[in-house]
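Here's the letter readout for the chains.
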Amino acid sequence: MSRTLSYYLFYRTDQSTVPAGLFVVGASQGEALLWDHRRGTWAYDPGLVTRFLNDYRNFDRCENVDRMRAEQVVQAITGVPALPDETAFHTMLASGAAGHNADRSAQFGGC
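In short, a report on the structure.

### Description of the layout of surface pockets
(1) Moving on: Of the voids in this model, the largest pocket is the one considered here, and its volume is about 190 Å³.
(2) Moving on: Secondary-structure elements contributing two or more residues to the lining of the largest pocket are β3 (31-36) and α1 (46-54).
(3) Moving on: It is β3 that provides the largest number of residues to the lining of the largest pocket, a total of 3 residues.
(4) Moving on: Of the residues contributing to the lining of the largest pocket, the split by class is 8 nonpolar, 1 polar and 3 charged.

Structure (structure tokens):
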């Protein structure tokens, strides 16, 4: 895939050492997924991810990581032993974008 993905871990507090959640962002397209703990699945929600990552109060609660680091903690966060491959993430992002009126101008930053 030519589009790259960014991975973000977030923590419950700035003192936490164990990640509480995971975002997967296709920033060039303004698309994002998050692990939905209640439904036990990946959810397309670029608005929520954008608000979290761009909120200055969360800058010390999130960390931009590479895929290898995300793979190391995914089971603790999701209960699933492995991350979907990048092709699967791109498919989920495209499906989510097709079904939502996403703000394409959203910029992901902060962490």
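There's more to say after this.
### Re the pairing of strand β2 (residues 21-26)
(1) Moving on: With 6 of its 6 residues buried, β2 lies for the most part within the structure.
(2) Moving on: Alternating residues of β2 divide into Gly-21, Phe-23 and Val-25 and Leu-22, Val-24 and Gly-26, and every residue in both groups is buried.
(3) Moving on: In terms of strand pairing, strand β1 (residues 6-10) meets β2 through 5 bridges, oriented antiparallel. Across the sheet, the residue bridging to Phe-10 is Gly-21, located in β2.
(4) Moving on: The pairing of β2 with β3 spans 4 bridges and is classified as antiparallel. Bridging across to β3, Val-24 finds its partner in Leu-33.

### Quick notes on the environment of Glu-86
(1) Moving on: Residue placement: Glu-86 occurs in helix α3 (residues 86-99).
(2) Moving on: For the pair Glu-86 and Val-24, spaced 62 residues apart in the sequence, the C-alpha separation amounts to 10.0 Å.
(3) Moving on: Glu-86 has contacts with Leu-5, Tyr-7 and Arg-67, leaving out every residue within four places of it along the chain.

So, how was this worked out
Within each chain, residues carry numbers counting from 1 in the order of the written sequence. Totals for whole chains, interfaces and linings use every residue, but because this is a predicted model, local features are given only for residues with pLDDT of at least 70 and side-chain atom pairs only at 80 or more, for both listing and counting. For side-chain calculations, the full set of non-hydrogen atoms in the structure is used, while hydrogens and water are omitted. Using only the protein atoms, space was sampled on a 1 Å grid; points where a 1.4 Å probe fits but cannot get out form cavities, open sets with protein on both sides within 12 Å along at least five of seven lines form pockets, and lining residues are those with an atom within 4 Å of a point. Grid points are joined across faces, edges and corners, and a volume is the space filled by probe spheres set on the points. Elements are defined by DSSP. Helices are runs of H or I of four residues or more, strands are runs of E of two residues or more, and each kind is numbered from the N terminus. Ten residue types, Ala, Val, Leu, Ile, Met, Phe, Trp, Tyr, Cys and Pro, are classed as nonpolar, four, Asp, Glu, Lys and Arg, as charged, and the remainder, Gly among them, as polar. Three labels apply to residues, based on accessible area from a 1.4 Å probe with only protein chains included: buried if under 20% of the type maximum, exposed if over 50%, partly exposed otherwise in between. By this definition, two strands are paired if DSSP reports at least two bridges between them. Contact between two residues is taken to exist if any of their heavy atoms lie within 4.5 Å; hydrogens are not considered.

By themselves, these figures tell us nothing about what the structure is for.
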